[in-house]
Amino acid sequence: MTAVPEATDLDGSGRSAQPRQLIVTVYGLYSRTEGGWLSVASLIDLLAAVGVDEPAVRSSISRLKRRGILEAVRRGATAGYELSDEARDILREGDERIFRRGRATPADGWLLAVFSVPETERHKRHLLRTQLSRMGFGTAASGVWIAPAHLHAATEEALTRLGLAGYADLFRAEHLAFGDVAAKVRDWWDLDRLDELYTTFLDEHGPALRRESVTDEQAFADYVRVLTGWRRMPYLDPGLPAEFLPGGWSGIRAAELFFELHAQLETPARAYVAKAINLG
């Protein structure tokens, strides 16, 4: 599996999620207690609640299989798919990101990734840049990427998994001088674009919090949509310290919305799945 399907399928896509991204969310939420497997019939039933029809489900499953995210496995006479080992590893890493409430602080310091790739292996250079960008690193200088220090273990694991560890060095660092760190953070990350994405998330999923009466099926549909919309964000904004962000940062409000919806929807959504596919 390359870094590209990780970014497009396993990390979500923001507004107007594709059926395959909704399917990955369903697998991440509900299949791993069953060994990573779900039947095709169960997927079709569950995705119908999110407004995805059967042909789109089958087409998306085929695409996820080609990308190495799902593997076809029969249980008796029942056709189904399970997560590949690599997809399970990536989703496990994602759990820590997606459900991590805290932000970094200035005292935590920074993680620097410095790499050098021979010209004869320029494809490795592209893959390395793609992976670091996907994990939320900003660019401090040519060949020097920066992220909050708490990402060191996840970065080491990802670069090792992709066979890139031999091209990079990781350092823990602190900013000693010169200049204003908040201004530099704006240079290192595209905060304007992040603000647009967070604002879109708030507009799209805010109404789900204001519903007065929600069935288990509606809770499931809302939960899958909000988690699909959210799971990309902790990769684009890797928990940057609030002290270095603009006042009233939309990302803080978006995180509050996500965790409120998570607390409100998770239990009834799981109850719906238990009834629908007998996981309970």
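Right above here is the structure, for reference.
Predicted, not measured: the structure shown is a model, and the values here were computed from it.

## Remarks on the sheet that holds strand β5 (residues 138-141)
If you walk across this open sheet you meet the four strands as β5-β6-β4-β7, and the pairing is antiparallel. Lying at the two open borders of the sheet, with one neighbouring strand each, are β5 and β7 (168-173). Put simply, the sheet's adjacent strands are angled 30° from each other on average, direction ignored. Examined bridge by bridge, β5 and strand β6 (residues 144-148) share three bridges and lie antiparallel to one another. Counterpart to Thr139 in the pairing with β6 is Trp145. Contacting β4 (110-115) and β7, helix α7 (residues 152-161) runs over the sheet at an angle of about 180° to β7. Contacts between helix α8 (residues 181-188) and the sheet are confined to β4, β5 and β6, with β5 contributing the most and set at about 110° to the helix.

## Considerations on the nonpolar core
Val26, Leu43, Leu47, Val185, Phe220 and Trp230 are the most contacted members of the largest nonpolar core, which totals 62 residues. Among the elements that line this core, the one with the most residues is helix α12 (residues 250-277), at 11 residues. The contacts of Val185, once residues within four sequence positions are left out, are Trp110, Leu191, Leu240 and Phe244. Core analysis: the next-biggest nonpolar cluster, separate from the first, contains 18 residues, Ala113, Met135, Ala158 and Leu159 among them.

## A closer look at helix α9 (residues 191-209)
Taking 1.5 Å as the rise per residue, α9 with 19 residues should run 27 Å; its terminal C-alpha atoms sit 26 Å apart, in good agreement. The sharpest bend along α9 comes to roughly 30°, located at Asp203, with the proline Pro207 sitting one to four residues further on. Along α9, the residues that are buried comprise Leu191, Leu194, Leu197, Tyr198, Phe201, Leu202, His205, Gly206 and Ala208. Contacts made by the buried residues of α9 are with α8, α10 (216-230), α11 (233-236) and α12.

## Some details on the sheet that holds strand β3 (residues 78-83)
Pairing is antiparallel in the open sheet, where three strands are placed in the order β1-β3-β2. Sheet topology places β1 (37-39) and β2 (70-75) at the edges, where each strand pairs with a single neighbour. Looking at each pair of strands side by side, their axes are set apart by 35° on average, direction ignored.

## Quick word on the packing of α10 against α12
Running from N to C, α10 and α12 point in directions that differ by 135°, and their axes come no closer than 7 Å. It follows that α10 is oblique to α12 by the angle criterion. In the packing of α10 onto α12, the handedness of the crossing is left-handed. Its residues assigned to classes, the contact of α10 with α12 shows 16 nonpolar, one polar and five charged.

## What to know about the pairing of β2
The side chains of a regular strand alternate between the sheet's two faces. As paired strands, β2 and β3 are joined by six bridges and run antiparallel to one another. The residue of β3 that forms the bridge with Arg74 is Ala79. Linkage of β2 to β3, two consecutive antiparallel strands, is achieved through a turn of two residues, within which Gly76 is found at a positive phi near 65°.

Cut-offs applied
- Numbering of residues starts from 1 in each chain and follows the order in which that chain's sequence is written.
- Under the rules for a predicted model, residues below a pLDDT of 70 receive no local features and side-chain atom pairs below 80 are neither given nor counted, while totals for whole chains, interfaces and linings still include all residues.
- Think of the side-chain values as coming from all heavy atoms in the structure, minus any hydrogens and water.
- Two strands qualify as a pair provided that DSSP identifies no fewer than 2 bridges between them.
- To qualify as a helix, a DSSP run of H or I must reach at least 4 residues; to qualify as a strand, a run of E must reach at least 2; elements of each kind are numbered from the N terminus.
- Comment: axis = line fitted to C-alpha atoms, over the contacting stretch for helices; angle = value between 0 and 180 degrees taken between N-to-C directions.
- By the convention used here, residues are in contact when the closest approach between their heavy atoms is within 4.5 Å.
- Side-chain atoms within 4.5 Å are what join buried Ala, Val, Leu, Ile, Met, Phe, Trp, Tyr and Cys residues into a set we call a nonpolar core.
- Note on exposure labels: buried denotes an accessible area under 20% of the residue type's maximum, exposed denotes more than 50%, and partly exposed covers the range between, all computed with a 1.4 Å probe on protein chains only.
- One fewer than the residue count of a helix, multiplied by 1.5 Å, yields its expected span.
- The angle separating two fitted axes, one through the seven residues that finish at a residue and one through the seven that start at it, defines the bend at that residue.
- Roughly parallel here means an angle under 35 degrees, roughly antiparallel means over 145, roughly perpendicular means 65 to 115, and every remaining angle is called oblique.
- Crossing chirality is assigned from the near helix's rotation relative to the far helix, an anticlockwise turn below a right angle marking it left-handed and a clockwise turn marking it right-handed.
- Residues were grouped as follows: Ala, Val, Leu, Ile, Met, Phe, Trp, Tyr, Cys and Pro as nonpolar; Asp, Glu, Lys and Arg as charged; and all remaining residues, including Gly, as polar.

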